[in-house]
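Notes for the structure review
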Amino acid sequence: YQKADLLNPKQTWVLKNMAYCYRQIGEYEKALSCYEQIRAQQSSPNLALLMQTATCLLLLKRPQDAINLFFEAEFVDEHSPRPWRGIAWCSFVTGKLEQSQRYCQKLLQQRNPTKEDYLNSAHTEWALGHISEAVILYSKALAFYNHIDQFVYAIETDQRHLITQGINPDDIPLMIDLIRSGIT
């Protein structure tokens with residue numbers, strides 16, 4: 001694709017495929033550059049492209065920049081839950097907990113919420129101090145996992161964000177044990 005871009009620069013098809021390849025190998029900065037070139041060529045916003053660009057920004061640990069694109073994506077398609085997930089997560093990691101809660105609630109009202117919807121909602125409720133709601137939501141998230149270890153791994157992956165939002169690190173294993181015990 002790099003050679004194709006040299007022969008015929010800035011072609012959208014080539015740039016999209018280059019961006020995809022860069023994302024697959026973890027070269028998010030290069031993927032972001034491709035997506036931004038495509039966006040510069042387009043006359044109107046495209047939901048998929050906005051989502052891909054915002055996701056790259058998230059992978060580059062730039063949630064504040066990503067949330068702006070997720071909001072733009074929501075404006076493009078106000079009924080799509082895809083941007084809501086990004087807004088909910090970016091809001092959570094940047095400490096905008098009430099905003100995260102609003103978007104999590106919108107996601108949970110959809111026909112088929114995902115395990116991530118329940119997990120992120122639980123994180124947000126816990127950070128807001130709503131422990132009983134968090135326990136219920138974590139239990140609903142657990143139902144999606146094939147094994148408790150996958151659920152524990154998901155929480156441990158988000159542990160630094162939980163701590164940043166005020167969760168005591170010593171409480172995380174306690175919450176996991178509570179969920180594991182089946183007490184809601």
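Report on the accompanying structure. Small disclaimer: the values here were computed from a predicted structure and weren't measured.

Some thoughts on the packing of helix α4 (residues 47-59) against helix α5 (residues 63-76)
Two elements in contact, α4 and α5, have axes whose closest approach is 8 Å; the angle formed by their N-to-C orientations is 165°. Our classification of the angle between α4 and α5 gives roughly antiparallel. Judged by the sense of rotation from one axis to the other, the crossing of α4 with α5 is left-handed. Across from Leu47, Leu50, Met51, Thr53, Ala54, Thr55, Leu57 and Leu58 in α4, the residues of α5 making contact are Pro63, Asp65, Ala66, Leu69, Phe70, Glu72, Ala73 and Val76. Here the contact of α4 with α5 is built from residues that sort into twelve nonpolar, two polar and two charged.

Description of the layout of surface pockets
Of the pockets and cavities examined, the largest pocket occupies roughly 460 Å³. Together, 18 residues line the largest pocket, and Trp89, Asn120, Thr157, Asp158 and His161 are the ones closest to its centre. Mapped onto the lining of the largest pocket, the elements with two or more residues apiece are α4, α6 (81-93), α8 (115-127), α10 (148-157) and α11 (159-164). Tallied by class, residues from the lining of the largest pocket come to nine nonpolar, four polar and five charged. Quantified by volume, the second largest pocket comes out at close to 200 Å³. In this structure, the second largest pocket is lined by 13 residues; those nearest its centre are Leu58, Arg85, Gly86, Trp89 and Asn120. Within the residue set of the lining of the second largest pocket, elements represented by two or more residues are α4, α6, α7 (97-108) and α8. Broken down by element, the residue count for the lining of the second largest pocket peaks at four residues, all from α6. Across the lining of the second largest pocket, the residue classes tally to seven nonpolar, three polar and three charged.

Some remarks on the packing of aromatic side chains
This structure, assessed with the given rule, holds six aromatic pairs. Considering the side-chain rings of Tyr118 and Phe144, the 5.8 Å spacing of their centres and the 35° angle between planes classify their relative orientation as tilted. With Tyr118 in helix α8 and Phe144 in the loop between α9 (131-142) and α10, the pair connects residues that are 26 residues apart, well separated along the chain. Looking at Phe144, the relative accessible area reads 39%, which means it is partly exposed. Ring geometry for Trp126 and Tyr138: centres 6.0 Å apart, planes at 90°, overall edge-to-face. With Trp126 in helix α8 and Tyr138 in helix α9, the pair connects residues that are twelve residues apart, well separated along the chain. The exposure classification of Trp126 matches that of Tyr138, with both residues buried. Following the ring pairs from residue to residue traces out a cluster consisting of Trp126, Tyr138, Tyr145 and Phe151.

Regarding the packing of α5 against α7
Running from N to C, α5 and α7 point in directions that differ by 40°, and their axes come no closer than 15 Å. Classified by the angle between their axes, α5 and α7 sit oblique to one another. The two elements α5 and α7 cross, and the hand of that crossing is left-handed. Contacts between α5 and α7 pair Ile67, Phe71 and Glu74 from the former with Gln99, Tyr103 and Lys106 from the latter. The class makeup of the residues in the contact of α5 with α7 is three nonpolar, one polar and two charged.

Regarding the nonpolar core
Among the nonpolar cores identified, the biggest contains 29 residues, and Ala31, Cys34, Tyr35, Ala66 and Phe70 are the most heavily contacted of them. Of all the elements in the fold, those that place two or more residues in this core are α2 (12-24), α3 (28-41), α4, α5, α6 and α7. The element that contributes the greatest number of residues to this core is α4, accounting for seven residues. Apart from residues lying up to four places away in sequence, Tyr35 is in contact with Ala19, Tyr20, Arg23, Leu49, Gln52, Thr53 and Cys56. Core analysis: the second largest hydrophobic core is formed by 25 residues, Leu137, Phe151, Ile172 and Ile176 among them.

Analysis parameters
Residues numbered from 1 in each chain as written. Predicted model: local features only at pLDDT ≥ 70, side-chain atom pairs only at ≥ 80, totals over all residues. Heavy atoms only, no water. Axes fitted to C-alpha atoms, helices over the stretch in contact; angles between N-to-C directions. Helix = DSSP H or I, 4+ residues; strand = E, 2+ residues; numbered from the N terminus. Parallel < 35°, antiparallel > 145°, perpendicular 65-115°, else oblique. Left-handed = near helix turned anticlockwise from the far one by under 90°. Contact = heavy atoms within 4.5 Å. Nonpolar A, V, L, I, M, F, W, Y, C, P; charged D, E, K, R; others polar. 1 Å grid on protein atoms, 1.4 Å probe; cavity = no way out; pocket = protein on both sides within 12 Å on 5 of 7 lines; lining within 4 Å. Points joined across faces, edges and corners; volume = space filled by probe spheres on them. Phe/Tyr/Trp six-rings, centres within 6.5 Å; stacked < 30°, edge-to-face > 60°. Buried < 20%, exposed > 50% of the residue type's maximum accessible area, 1.4 Å probe, protein only. Core = buried A, V, L, I, M, F, W, Y, C linked by side-chain atoms within 4.5 Å.

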